[in-house]
Amino acid sequence: MIMLLPATIEIAVSQDAIRCASRLVASSALAAIHEILQNCRRAGAQNIMINLVEEDGRAFLDIHDDGCGIDDPAALLTLGLSGWGDDIMRREDPTGIDLFSLAGHGIEIHAFSPAMGEGWKVRIPAEAWNGDRALEPERCDLGWGTMVRIEISGNWKMGICSTIAEAARYYPLPVTLDGALLPREDFLKDALLIEEACGCRIGVYKGNSVRQDGPCINFHGLAVPCSLPNVFELKRQDCRWSVRIDVIDAPGIRLALPARNAVITNEAMKALRIAAERAIYTGIAAQEDHRLPFALWLRAQKFGVTLPAVRPGLSIWNPLSGDEHQRAANAKTAPETASGGALMLVPPLRSEIAQALAPARHQPPLQDFVLVEEERWLEGYDWYDALPIILYVSFRIYRDGIEHPYGEDDRLPCGFASGFVDRIVADLEIAETGHEDAPRHVHSIEIPALVCPTGSWDIEEAVVLVTRDGGIDPDCLGCMIHATLFSVRDDADADSWETQSRAFAREARQVATGVLLGDNAATLEAIVMEARQHLACLIPKDRRIVIHADRSGITADFMPG
């Protein structure tokens, strides 16, 4: 046979779709109850009565509303055909799924028909949803609204009462279960601000009361997750601002079918997100102050919300250490300084550069300033841009009349040994303000010591340099080595941070003693430290001992008296 190409084709719904209805729209008890409650509301109901009934050992769920009833049984049971009027169609875009959410369950429908002036009923067995058999409506004595009886079994029996209560929680109409009124809650409960826009109520929240992955948009009782704006203030607890949306009359905001568990991204949803973000900035404007990045401050202006500038306040600069634990502790405890002082911004610096620069805070020109952490998110605020800033730090190391540069892009020559050097000079390039065209000056400051990692952060491989007349002692140099190089190791025999830190501090002190006082002093320092840790607790109170030790053995005796 030769097949001819048809002249025209039409879009149609196959009868196979009806046969697959139980798989296309089969849903949980919660989703099915939501669907029925939405129909009750659209029908103009003012009350919904739900009852759990047992007959002949079988369990049923009766859902009865006092709405307008149903005229056409066929429209109710035609997949994709909605029998709602033009107003409902415009405002809510009903899908015609309706009772097909119950596909696979045996149900019985009782409805009053205003057109006929009497009630009708029809029974749909669980196996009849594939459309293979004709159903015969009958007259009944129901004189108002609609009642749907659902035979419940299997998973639906588990927690059915709590499922009904959950469906009624944000539903706009009163629902009773076995005669008891179920509690309802405003979806925007505890909002700091509520505004209306785009046919919705927008609630603004501060903190973590709105879960980012939880339901945040409510369609007349059906609450689903949705990607909505979040705005973050920085350097402040409870810094997240978020929204929840309660839909009132928003025809353009639609749910994806058939599951109805996600919102479709379209122009109406984009406009709602803009309105939601504007509401957040309005909520922030009602607070005493804020810590918004300058970019978000400008964005609020774009939305027509005028915010004051961020109040001056910056964290006092703490030299960066090599340890993540210590960095976190510093970030939490760093104090803030108010405006009115002479502030200077310090950019993020590598730990060896920051630790070497720390002693220079007390020398000109830094002694005239309070050094504060650079916070780039504040760039654009006038008070922040007016502050002087350290742009770059580098070092010049002099040994045996030769100058060796060291900085972010420089390394020491191979074989450069720890020990004394003639001079260490820190060169600071400082801009008078944060503006690009601000005058710049280079200031040179003598510093007493510099700890240089050489490809790793191991203390054995580091180069420790000191000046002879720098006035630094083993304690200070040991602390500098520890702050520059120590970082906790996950594989260090499962020792705690405190244990590893103490061990590293002892080793750093020994290295510092060796650099400043020589190897003999370092050896004695190591012995004293070990004795202090392991032997001191063994010496009786008010007694003194003498220890004689060499490679062949160790002896100890009490001193007389």
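Residues numbered from 1 in each chain as written. Predicted model: local features only at pLDDT ≥ 70, side-chain atom pairs only at ≥ 80, totals over all residues. Heavy atoms only, no water.

## Considering the sheet that holds strand 6 (residues 146-152)
Here's step 1: If you trace the eight strands from one edge of the open sheet to the other, you get 5-4-3-6-2-1-7-8, paired in mixed fashion. The open sheet is flanked by strand 5 (138-140) and strand 8 (180-181), the only strands paired with a single partner.
Here's step 2: With seven bridges connecting them, strand 2 (residues 58-65) and strand 6 associate as antiparallel partners. Bridging across to strand 6, Ile63 finds its partner in Val148.
Here's step 3: Those strands touched by helix 3 (residues 29-42) are strand 1 (48-55), strand 2 and strand 6, and its axis lies near 30° from that of strand 2. (Pairing = 2+ DSSP bridges. Helix = DSSP H or I, 4+ residues; strand = E, 2+ residues; numbered from the N terminus. Contact = heavy atoms within 4.5 Å. Axes fitted to C-alpha atoms, helices over the stretch in contact; angles between N-to-C directions.)

## Observations regarding unusual backbone geometry
Most peptide bonds adopt trans geometry, and most residues besides glycine take a negative phi value.
Here's step 1: For the bond running from Pro364 to Pro365, omega is 0°, close enough to zero to count as cis.
Here's step 2: Mapped onto the elements, Pro365 comes out in the loop between helix 10 (351-357) and strand 18 (370-373).
Here's step 3: Even without a glycine there, the phi angle at Asp190 is positive, about 70°.
Here's step 4: We classify Asp190 as exposed; its relative accessible area is 64%.
Here's step 5: In this structure, Cys198 takes a positive phi of about 55° despite not being glycine.
Here's step 6: By relative accessible area, Cys198 is classed as partly exposed at 39%. (Buried < 20%, exposed > 50% of the residue type's maximum accessible area, 1.4 Å probe, protein only.)

## Points about the pattern of salt bridges
Here's step 1: Applying the stated criterion across every chain yields a total of 19 salt bridges.
Here's step 2: Two residues, Arg311 and Asp289, come together in a salt bridge whose shortest N-O distance is 3.8 Å. You can see Arg311 sitting in the loop between helix 8 (294-302) and strand 15 (314-315) and its partner Asp289 sitting in the loop between helix 7 (267-285) and helix 8, a full 22 residues away along the chain.
Here's step 3: Look at Arg311 and you get partly exposed, because its relative accessible area is 48%. (Salt bridge = Lys/Arg side-chain N within 4 Å of Asp/Glu carboxyl O.)

## Concerning the packing of helix 3 against helix 6 (residues 160-168)
Here's step 1: Where helix 3 contacts helix 6, the two axes come as close as 9 Å, and the packing angle between them is 45°. For the element pair helix 3 / helix 6, the angle class is oblique. When the axes of helix 3 and helix 6 are compared, the crossing they make is right-handed. Taken together, the residues of helix 6 that come into contact with helix 3 (itself represented by Ala29, Leu30, Ile33, His34 and Leu37) are Ile160, Thr163, Ile164, Glu166 and Ala167.
Here's step 2: Residues of the contact of helix 3 with helix 6, tallied by class, amount to seven nonpolar, two polar and one charged. (Parallel < 35°, antiparallel > 145°, perpendicular 65-115°, else oblique. Left-handed = near helix turned anticlockwise from the far one by under 90°. Nonpolar A, V, L, I, M, F, W, Y, C, P; charged D, E, K, R; others polar.)

## Considering helix 12 (residues 474-485)
Here's step 1: The end-to-end C-alpha distance of helix 12, which contains twelve residues, comes to 16 Å, matching closely the 16 Å that a straight helix rising 1.5 Å per residue would cover.
Here's step 2: Within helix 12, nine of the twelve residues are buried, which leaves the element mostly enclosed by the surrounding structure.
Here's step 3: Looking at helix 12, one finds that the buried residues are Pro474, Leu477, Gly478, Met480, Ile481, His482, Ala483, Thr484 and Leu485.
Here's step 4: Tucked into the core, helix 12 has its buried residues touching helix 10, strand 24 (449-452), strand 25 (463-467) and helix 13 (497-517).
Here's step 5: Sitting at the head of helix 12, Asp473 places a side-chain oxygen 3.2 Å from the backbone nitrogen of Asp475. (Expected span 1.5 Å × (residues − 1). Polar contact = N/O pair within 3.5 Å; in protein donor to acceptor, adjacent residues only side chain to side chain.)

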